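Structural overview for review
Letter by letter, the chains look like this.
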Amino acid sequence: MGSGQLVAVFGAYGHTGRFVVAELAARGFVPVPSGRNARALEELAGEHGLQGRVASVDDPASLDRALAGTVAVINCAGPFASTTGPVIEAALRARIPYLDVAAEIEANLDTFAHYRERARESAAVIVPAMAFFGGLGDLLATAAMGDWAEADEAHIAYALSSWHPTAGTRLSGAVSRERRGDHRLRYRGGRWERRTDAAPTLEWAFPEPVGRRPVIGEFTMADVVTVPQHLSISDVTTYMTAEAARDVVAPHTPAPAAADGSGRSDQTFLVDVVVRSGTAERRATASGQDIYAVTAPLVVEALDRVLTGRTRTAGVASAGEIFDAPDFLRALAPHIALGLHPEKGNA
């Protein structure tokens, strides 16, 4: 448990940030809410009896003040293309671990590219995409991989009952699209490809009770960044149920609405991960409620493991690289239902 340790949460008053603040407090940490919106910060801090610290990515000194005396920082403020670099720099100056919940693939790629060597040399810990997209799929792929040293393919399929995007999701998506222009990205043959054709529509046979559903293939998410960073897999592909893919881009889809006392929406999810090597196949699944809410136990469990030394490496690291993936997933049992399926075929 946190034992009263101070943890800075940048972007604490956003939709996901609020879940992270609540999860930190529940686990014995003292959240230090931070962000540039003084009014929203004051409101959130007042609700939880906390002390907020106003800070902006345009003002490094304000970030230093926000992180002063804290043991780590969790960045929940999108668009991450704008916030990741400045907050990582502040964490490096403060010599504390940095974690974020970024789902922007370009921001994730930037973090690995720009900070890998520097963080390794200073033994700093930087864990990007420690969220539903990026972290969970990476942990499941790592657990499914097991004792294989390499594999041919990893497929990560998402079945969402709906996808009501937050304002942050919409903004981050717009920034990603602006950076990519007319291209989309996919990972094939151990390298990134820029494509101008439309992503294919396929069918995916999810475990029951979801069953076979139409999906958008090559719906590239943060997992396609995190998995190849540490697993030797030539092709990594993510898929999204077609209905959810339509929801998230439709201009009139409403934001998530609370359906229970914790603030979770009634959205349900199932993540189905298949790893293949030759004719052999291994599978891992996770299901639960509300992709934004479940990000909080993911990133706070990661934080706790970093602070208690339950890590396998330092530097910039994906979830499955820095943590014991099966053990981490078991720790999430109160929040998600897990399944590890027997190997099929012959390696």
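Before going into details, it helps to say that this report is about the structure given with it. (Residues numbered from 1 in each chain as written. Predicted model: local features only at pLDDT ≥ 70, side-chain atom pairs only at ≥ 80, totals over all residues. Heavy atoms only, no water.)

1. Focus: the layout of surface pockets
Here the idea is plain: a probe the size of a water molecule rolls over the atoms and shows the empty space left. Taken as a whole, the second largest pocket encloses approximately 280 Å³ of empty space. Here the lining of the second largest pocket is built from residues that sort into eight nonpolar, three polar and three charged. (1 Å grid on protein atoms, 1.4 Å probe; cavity = no way out; pocket = protein on both sides within 12 Å on 5 of 7 lines; lining within 4 Å. Points joined across faces, edges and corners; volume = space filled by probe spheres on them. Nonpolar A, V, L, I, M, F, W, Y, C, P; charged D, E, K, R; others polar.)

2. Quick word on empty space enclosed by the protein
All told, the structure shown has one cavity of 30 Å³ or more when counted by the stated rule. Considered as a void within the structure, the largest cavity measures approximately 30 Å³ in volume. Taken together, R186, Y187, R188, E218, T220, V224, V236, T237 and T238 make up the full set of residues lining the largest cavity. Taken together, the elements giving at least two residues each to the lining of the largest cavity come down to β8 (184-188) and β12 (232-241). Residues of the lining of the largest cavity, tallied by class, amount to three nonpolar, three polar and three charged. (Helix = DSSP H or I, 4+ residues; strand = E, 2+ residues; numbered from the N terminus.)

3. Some details on the nonpolar core
Counting 78 residues, the largest nonpolar core has M130, F132, L136 and W163 as the members making the most contacts within it. Looking at this core element by element, the count peaks at eleven residues for helix α10 (residues 291-307). In this structure, M130 is in contact with L99, D100, V101, G135, L139, T295, L298, V299, A302, A319, F323 and F328, ignoring residues within four places of it in sequence. Of all hydrophobic cores here, the second largest spans 24 residues; its members include A77, V87, L92 and V316. (Core = buried A, V, L, I, M, F, W, Y, C linked by side-chain atoms within 4.5 Å. Buried < 20%, exposed > 50% of the residue type's maximum accessible area, 1.4 Å probe, protein only. Contact = heavy atoms within 4.5 Å.)

4. What about the environment of W192?
Relative to the elements of secondary structure, W192 occurs in strand β9 (residues 191-195). Through-space distance from the C-alpha of W192 to that of S34 is 35 Å; in sequence the pair is 158 residues apart. If we skip the residues at most four places from it in the chain, W192 touches L109, L185, R186, Y187, T220, V224 and V225.

5. Considering the sheet that holds strand β4 (residues 72-75)
Spatial ordering of the open sheet is given by β3-β2-β1-β4-β5-β6-β15, a layout of seven strands whose pairing is parallel. A single partner strand is all that each edge strand has here, and the edge strands are β3 (53-54) and β15 (315-316). Judged from the five bridges that link them, strand β1 (residues 6-10) and strand β2 (residues 30-35) form a sheet pairing that is parallel. In the sheet register, V9 faces β2, and the bridge partner there is P33. (Pairing = 2+ DSSP bridges.)

6. Overview of the packing of helix α6 (residues 132-145) against α10
Between α6 and α10, whose axes approach to 10 Å, the crossing angle comes to 65 degrees. Considering only the axes of α6 and α10, their crossing is left-handed. Of the residues in α10, those touching α6 at F132, F133, L136 and L139 are I291, V294, T295 and L298. Here the contact of α6 with α10 is composed, by residue class, of seven nonpolar, one polar and no charged. (Axes fitted to C-alpha atoms, helices over the stretch in contact; angles between N-to-C directions. Left-handed = near helix turned anticlockwise from the far one by under 90°.)

7. Observations regarding helix α4 (residues 80-94)
The end-to-end C-alpha separation of α4 is 20 Å, in line with the 21 Å expected for 15 residues at 1.5 Å each. Among the residues of α4, those classed as buried are F80, T83, T84, V87, I88, A90, A91 and L92. Of the residues one or two after α4, R95 is the one with positive phi, at around 60 degrees. (Expected span 1.5 Å × (residues − 1).)

8. Observations regarding the pairing of β9
Strand direction decides the pairing type here: β8 and β9, joined by five bridges, are antiparallel. Across the sheet, R184 pairs through a bridge with R195, a residue of β9. The loop that links β8 with its antiparallel partner β9 comprises two residues; one of these, G189, has a positive phi angle of about 60 degrees.

9. Thoughts on the pattern of salt bridges
Evaluation of the coordinates by the stated rule reveals 27 salt bridges. Each of R184, R186, R188, R191, E193, R195, D197 and E218 takes part in a single network of salt bridges with overlapping partners. (Salt bridge = Lys/Arg side-chain N within 4 Å of Asp/Glu carboxyl O.)

10. Overview of the side chain of D100
Along the chain, D100 falls in strand β5 (residues 98-100). We note that D100 is buried and unpaired, the nearest opposite charge coming from R179 at a distance of 11 Å. Within polar-contact distance, the side chain of D100 engages the side chain of Y98 at 2.8 Å. D100 has contacts with N75, F80, T84, V127, P128, A129 and M130, leaving out every residue within four places of it along the chain. (Lys, Arg positive; Asp, Glu negative; His and termini not counted. Polar contact = N/O pair within 3.5 Å; in protein donor to acceptor, adjacent residues only side chain to side chain.)

11. Thoughts on the side chain of H155
For H155, the location among the structural elements is in strand β7 (residues 150-160). The exposure class of H155 is buried, given its relative accessible area of 10%. Here E153 takes part through its side chain, which lies 2.7 Å from a polar atom of the side chain of H155. Ignoring sequence-local partners within four residues, the contact set of H155 consists of W204, T237, Y239, D272, V273, V274 and R276.

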